[in-house]
Amino acid sequence: QIPVLIGELITVELWKHKVFPVLCRLEDFKPTSTFPIYVVLHHEASIINLLETVFFYKEVCEAAEDGVLDLIDYCHRKLTLLVARGASRPPATQTPPAALPGPSSELQEQAETMEFEISLKALSVLRFITDQVASLPLSALTRLLNTHNVPCLLVELLEHCPWSCREAGRGVLKKFENGAWHVVPPEDHLKMTKLDGQVWLALYNLLLSPECRRKYHFDGFNKSQLLKLRAFLTDVLLDQLPNLVEMQRFLSHLAVSEPAPPKKDLVLEQVPAIREHLLQKNAGKWEAIAKHQVKHMFSPTMEELRVQAHRWAQTYSLDMMEVLVPDKPRCRTCGAEAAKRCSRCRNEWYCSRPCQLQHWHKHKAACKLLA
């Protein structure tokens, strides 16, 4: 189902860029609840989250087939947005300019916040794709190295570092991790974050792989951009990611030598089909789609909203989630397979009433708090 997920991801991204802005401008767009649209906006985040989880495995990258070309293009677009965000340095910790009240401004603010987090997930997906450069289709490698010049884009990402910023006037360093901005204590200023690690590992894969080095154009511009990495390769960084010692040696060799020109192969390049097909199919129809969706999808009655809310509550109930967990619950007291749970907090499992009573003196305080 990986190609299906990639197709859905591209579809939601196009909807956000082509239909959503039109939707917010329509005069008859006055929803009583923004929840249905928020679900659509959140759908892209859910898919990229899932892809980030599964693309760790080589088999998944191979299962993407030709869809990996669209996914590479998608990740490139998101990384370009990250670089632009870092270059313009919108102060994430400062108060944003006041917006006009209303559902449209609220939705646009949510969409912008979500876009940043989605872009960070796309960075992780791209890194997992670079882990499999040896098994990628030839066209995918060409898009990574030459069409999009991802190595130079990653260098810019390290330079601007959009997941790190300083508060104006205070000089306090903040970094974005696990979905939130955190103040970094002075002793941890040089500590590498997971996002920094993803960029360095992607660069390592793209620059040190023999196949990539054979195909990458080491012209004057690319060489000058890559040599900027030498300033970042400090002893502190190398202690945290020792593999980068090899990259340091490669960059030192690159600085004093002229790499051989790339071998000119005859390549029939594949073109990503999913996004192009959607653009051609719906060209000139975006406003009509927005008007249709306002009328039939995003203006539900109160009864329809109640039905939707009930369906979502059922979908995300603890009982439904536990059905998906492969391991059976275990008794908190004896460790045996459990079929009963605390009826008050519904957080602890027991195999029998005696085990529950035995554990009650420890569980009592937590049970009250959870309930």
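Treat the numbers as computed from the prediction; the structure is a model and nothing was measured. Throughout, a residue's number is its position along its own chain's written sequence, starting from 1. In view of the model being predicted, local features appear only for residues whose pLDDT reaches at least 70, and side-chain atom pairs are presented and counted only at 80 or more, with totals across whole chains, interfaces and linings using the full set of residues. Note: side-chain values were computed over all heavy atoms of the structure, leaving out hydrogens and water.

### Describing the packing of helix α4 (residues 67-88) against helix α6 (residues 138-147)
So, point 1. To get an axis, a line is fitted to the C-alpha atoms, and for a helix only the part in contact is used. The angle between two axes follows their N-to-C directions and goes from 0 to 180 degrees. Put simply, DSSP marks the helices as runs of H or I at least four residues long and the strands as runs of E at least two long, and each gets a number from the N terminus on. At their nearest, the axes of α4 and α6 sit 9 Å apart, and the two run at 10° to each other. Regarding the angle of α4 to α6, the classification is roughly parallel. Contacts between α4 and α6 pair V68, L69, I72 and D73 from the former with S139, A140, R143 and L144 from the latter.
So, point 2. Of the residues belonging to the contact of α4 with α6, the class tally is five nonpolar, one polar and two charged. An angle below 35 degrees is treated as roughly parallel, one above 145 as roughly antiparallel, one from 65 to 115 as roughly perpendicular, and anything else as oblique. The criterion used for residue contact is that any of the two residues' heavy atoms lie within 4.5 Å. Charged residues are taken to be Asp, Glu, Lys and Arg, nonpolar residues to be Ala, Val, Leu, Ile, Met, Phe, Trp, Tyr, Cys and Pro, and polar residues to be all remaining types, Gly included.

### Describing the environment of L279
So, point 1. Inspection of the secondary structure puts L279 in helix α13 (residues 274-281).
So, point 2. Relative accessibility decides the category of a residue: with a 1.4 Å probe and only protein chains considered, values under 20% of the type maximum give buried, values over 50% give exposed, and everything between is partly exposed. Among the residues examined, L279 registers a relative accessible area of 23% and is labelled partly exposed.
So, point 3. For the pair formed by L279 and T11, sequence separation is 268 residues and the distance between their alpha carbons is 9.8 Å.
So, point 4. Residue contacts for L279: discarding those within four places in its chain leaves L14, K18 and W286.

### A short note on the nonpolar core
So, point 1. F55, L71, L154, W200, L203 and M247 are the most contacted members of the largest nonpolar core, which has 89 residues in total.
So, point 2. If you tally residues by element for this core, the top one is helix α5 (residues 103-130), at 12 residues.
So, point 3. Setting aside chain neighbours within four positions, we find W200 in contact with L158, M192, L229, F232, L233, L237, L241, L244 and M247.
So, point 4. Residues A338, C345, W349 and Y350 belong to the second largest nonpolar core, which totals eight residues. Side-chain atoms within 4.5 Å link the members of a nonpolar core, which is a set of buried Ala, Val, Leu, Ile, Met, Phe, Trp, Tyr and Cys residues.

### A word on the sheet that holds strand β2 (residues 173-177)
So, point 1. Note on pairing: DSSP must find at least two bridges between two strands before they are called paired. Across the sheet, which stays open at both edges, the three strands sit in the order β1-β2-β3 with antiparallel pairing between neighbours. The open sheet has two edge strands, β1 (164-166) and β3 (180-183), and neither has a second partner. Looking at each pair of strands side by side, their axes are set apart by 30° on average, direction ignored.
So, point 2. Here three bridges tie β1 to β2, and the two strands are oriented antiparallel to one another. Bridging from a neighbouring strand, S164 pairs with K175 of β2.

### Comments concerning helix α1 (residues 2-25)
So, point 1. Over its 24 residues, α1 extends 34 Å from the first C-alpha to the last, a length consistent with the 34 Å expected when each residue adds 1.5 Å.
So, point 2. In this analysis the local bend is the angle between axes fitted, respectively, to the seven residues ending at and the seven residues starting at the residue. At V19, α1 shows its maximal kink, close to 40°; a proline, P21, follows between one and four residues later. A helix is expected to span 1.5 Å multiplied by its residue count minus one.

### Some remarks on the side chain of K78
So, point 1. Structurally, K78 can be placed in helix α4.
So, point 2. Setting aside its immediate chain neighbours within four residues, K78 contacts E13, E44, E115, I118, S119 and A122.

### A closer look at the confidence of the model for the protein chain
So, point 1. Per-residue confidence for the protein chain gives a mean pLDDT of 84, with 89% of residues at or over 70.
So, point 2. Confidence scores labelled pLDDT are given residue by residue by the predictor and lie between 0 and 100. Segment residues 90-101: pLDDT under 50, and nine contacts once partners within four positions in sequence are set aside and those in other chains are kept.

### Here's the deal with the UniProt feature "domain: MYND-type" (unreviewed entry) in the protein chain
So, point 1. UniProt positions are given in the numbering used here, feature names are shortened, and annotations may be inferred rather than shown by experiment. When the UniProt feature table is mapped onto this chain, "domain: MYND-type" (unreviewed entry) is found at residues 331-367.
So, point 2. Between the end C-alpha atoms of residues 331-367 there is a gap of 16 Å, over a span that is 41% helix and 11% strand.

### Some words on α6
So, point 1. Counting buried residues in α6 gives seven out of 10 residues, a clear majority hidden from the surface.
So, point 2. Inspection of α6 places S139, A140, L141, T142, R143, L144 and L145 among the buried residues, and these make up the whole buried set.
So, point 3. Phi turns positive one or two residues past the end of α6, at N149, with a value near 50°.

### Examining the packing of α1 against helix α14 (residues 286-296)
So, point 1. At a minimum axis distance of 8 Å, the contact between α1 and α14 shows a crossing angle of 65°. Once α1 is placed against α14, the crossing between them reads as right-handed. On α14, the residues that touch W15, K18, V19, V22 and L23 of α1 are W286, E287, I289, A290, Q293 and V294.
So, point 2. Of the residues contributing to the contact of α1 with α14, the split by class is eight nonpolar, one polar and two charged. Take the far helix as the reference: if the near one is turned anticlockwise from it by less than a right angle, the crossing is left-handed, and if turned clockwise, right-handed.

### Notes on the packing of aromatic side chains
So, point 1. Note on aromatic pairs: the rings of Phe, Tyr and Trp (six-membered ring only in Trp) are paired at centre separations within 6.5 Å, and the planes decide the class, stacked below 30 degrees, edge-to-face beyond 60, tilted for the rest. In this structure the tally under the stated criterion is 10 aromatic pairs.
So, point 2. For the ring pair F176 and W181, a centre distance of 5.4 Å and an interplane angle of 70° mean the geometry is edge-to-face.
So, point 3. Taken together, the ring pairs in this structure connect W15, F20 and F298 into an aromatic cluster.
So, point 4. Above the face of the F116 ring, R85 is positioned so that its terminal group lies 4.0 Å from the ring centre. Only lysine NZ and arginine CZ atoms are considered, and such an atom sits over a ring when it is within 6 Å of the ring centre and within 35 degrees of the ring normal.

### Some thoughts on the pairing of β2
So, point 1. Burial analysis of β2 places four of its five residues in the buried class, the great majority of the element.
So, point 2. For β2 and β3, the ladder comprises four bridges, and the chain directions are antiparallel. Considered in β3, the bridge of K175 is made with H182.
So, point 3. Turn length for the β2-β3 hairpin, with the two strands adjacent in sequence and antiparallel, is two residues, and the turn residue N178 shows positive phi of about 55°.

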